[in-house]
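Observations on the three-dimensional arrangement
Take a look at the letters that make up each chain.
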Amino acid sequence: MTSIKEQAAISRLLSFLQEWDNAGKVARSHILDKFIETNQGKTAPELEQEFSQGASLFLVRLTTSLRITYMTDSCLEKLLRSIGIFLSAVSSNRYLIEFLEVGGVLTLLEILGLEKIKEEAKKESVKLLQVIANSGRTYKELICESYGVRSIAEFLAKSKSEETQEEVQVLLDSLVHGNPKYQNQVYKGLIALLPCESPKAQQLSLQTLRTAQPIIGTTHPSIVDCVLKVLGTMHLEVQYEAVQHAKHVHASALLEKEANLGKEAHFSYVSSRWQSCLDLQRKTRNPWFCKALGAKNYKTSVLLAPWKWLHGISTVPSHRVDQGPGRLRCAPGAAQGPRGAADTVGQGELQTAGQDPQCSPPACRCFCSRPRPPRPSGKRAGVSG
């Protein structure tokens with residue numbers, strides 16, 4: 001059996017709910033004022049204790065009243081603030097789910113598009129959307145799936161209050177972070193705001209784009225023309241944000257280029273080596289080139305050369321550089337063997353990249369097996385007495 005205190009608490013709850021149900025506009029406005037003043041900043045357990053474990057019953061009445069009266073702007077701001085107390089409370093996941101199940105997100109987004117509603121009520125609606133977005137990735141995706149990015153961006157462009165526009169910027173920044181499924185959609189929505197007539201909206205969208213660009217990675221092509229048009233504005237704060245964004249994009253491009261420099265240098269090295277190899281082969285048509293590729297003739301070697309390169313087989317030693325028809329010399333910094341050393345590549349052995357032999361030039365310009373005659377030493381032979 002329940003105690004006397006619990007029965008008294010339940011009786012107070014029932015009388016409070018009955019008073020709300022029977023109250024008119026003015027009376028409900030007073031009830032909301034008292035609720036906001038009494039319960040601001042409370043946690044979910046404290047709210048449950050205040051309403052004798054029946055706080056959800058009052059939240060249902062608030063959401064129902066919101067859906068019925070939001071188009072007439074009757075106590076709309078106070079209703080939104082009261083709902084915000086439930087949604088922003090610590091451990092309020094249950095209240096959040098109850099609010100979303102009755103179409104709370106769609107109602108909040110529709111409020112932003114109504115012209116008759118006051119700016120203060122729209123600001124409270126944006127704050128509730130911030131609370132929902134900050135609750136996790138699932139809720140961010142829910143807002144985006146409800147065409148929220150378009151509604152929020154249009155409201156930012158049309159809003160006349162700078163404080164409200166700053167709240168919208170916080171909401172857009174929250175939607176672009178931790179939302180990989182729809183972050184590109186938010187990014188394109190920010191770009192679409194640049195040609196709008198509101199200087200404050202342009203400034204805030206450029207600021208958000210600067211923080212969103214590292215998340216997106218690739219710069220959208222249309223942003224260049226939009227930023228160039230924004231640079232022609234008469235508002236200095238907008239020009240400053242446009243210049244800062246251009247610098248940020250340029251610096252990001254340089255960093256990306258440096259990050260890929262190693263890969264680009266590798267492909268450039270492979271391409272230059274392969275081209276020099278082909279040039280040498282066309283000029284000399286030497287037999288060791290065909291032998292190194294395992295080909296029987298010149299035409300087969302041309303076909304096999306790319307395949308050998310893909311498998312890491314070098315047809316030309318890395319220390320050799322084309323010196324003209326039928327001549328090779330050692331590249332600077334490469335290890336050189338003594339004169340007269342055998343040319344292992346000339347013997348038809350396959351050489352892999354990074355295993356360059358210490359060898360001397362071929363024995364003869366025509367790459368035949370005839371030995372080269374000895375070079376004069378430059379000293380005259382002594383005459384015997």
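Each remark here, short or long, concerns the structure printed above.
Everything in this summary refers to the structure shown in the same document. A quick note: this is a predicted structure, and the numbers were derived from the prediction, not measured.

**Comments concerning the packing of aromatic side chains**
The full count for this structure, using the stated rule, is nine aromatic pairs. Ring centres 5.7 Å apart and planes at 85° place the aromatic pair tryptophan 20 and phenylalanine 58 in the edge-to-face group. Linking tryptophan 20 in helix H1 (residues 4-22) with phenylalanine 58 in helix H4 (residues 55-69), this pair joins segments that are 38 residues apart in sequence. The burial state of tryptophan 20 is the same as that of phenylalanine 58; both residues are buried. Ring geometry for phenylalanine 35 versus phenylalanine 51: centroids 5.9 Å apart, planes at 55°, classification tilted. Within this pair, whereas phenylalanine 35 is found in helix H2 (residues 25-39), its partner phenylalanine 51 is found in the loop between helix H3 (44-50) and H4, the two being separated by 16 residues in sequence. There is no split in this pair, since phenylalanine 35 and phenylalanine 51 are both buried. Ring-pair connections join several aromatic residues into one group, and the members of that group are Phe16, Trp20, Phe35, Phe51, Phe58, Phe86 and Tyr95. Sitting above the plane of the tryptophan 20 ring, arginine 28 keeps its charged end 4.6 Å from the centroid.

**Thoughts on helix H7 (residues 104-112)**
Most of H7 sits out of view: seven of its nine residues are buried. Looking only at H7, the buried set comprises Gly104, Val105, Thr107, Leu108, Leu109, Ile111 and Leu112. Elements that come into contact with the buried residues of H7 comprise H4, helix H5 (76-87), helix H6 (93-101), helix H8 (119-133), helix H9 (137-145) and helix H10 (148-158).

**So, the pattern of salt bridges**
Any two side chains of opposite charge can pair, given that their charged atoms come close. In this structure the tally under the stated criterion is ten salt bridges. For lysine 123, the salt bridge is made with glutamate 163, and the minimal N-O distance between the two is 3.2 Å. Remark: glutamate 163 occurs in helix H11 (residues 162-176) and lysine 123 occurs in helix H8; sequence separation between them is 40 residues. Classification of lysine 123 as buried rests on a relative accessible area of 19%.

What counts, and at which threshold
- Residues numbered from 1 in each chain as written.
- Predicted model: local features only at pLDDT ≥ 70, side-chain atom pairs only at ≥ 80, totals over all residues.
- Heavy atoms only, no water.
- Phe/Tyr/Trp six-rings, centres within 6.5 Å; stacked < 30°, edge-to-face > 60°.
- Helix = DSSP H or I, 4+ residues; strand = E, 2+ residues; numbered from the N terminus.
- Buried < 20%, exposed > 50% of the residue type's maximum accessible area, 1.4 Å probe, protein only.
- Lys NZ or Arg CZ within 6 Å of the ring centre and 35° of its normal.
- Contact = heavy atoms within 4.5 Å.
- Salt bridge = Lys/Arg side-chain N within 4 Å of Asp/Glu carboxyl O.

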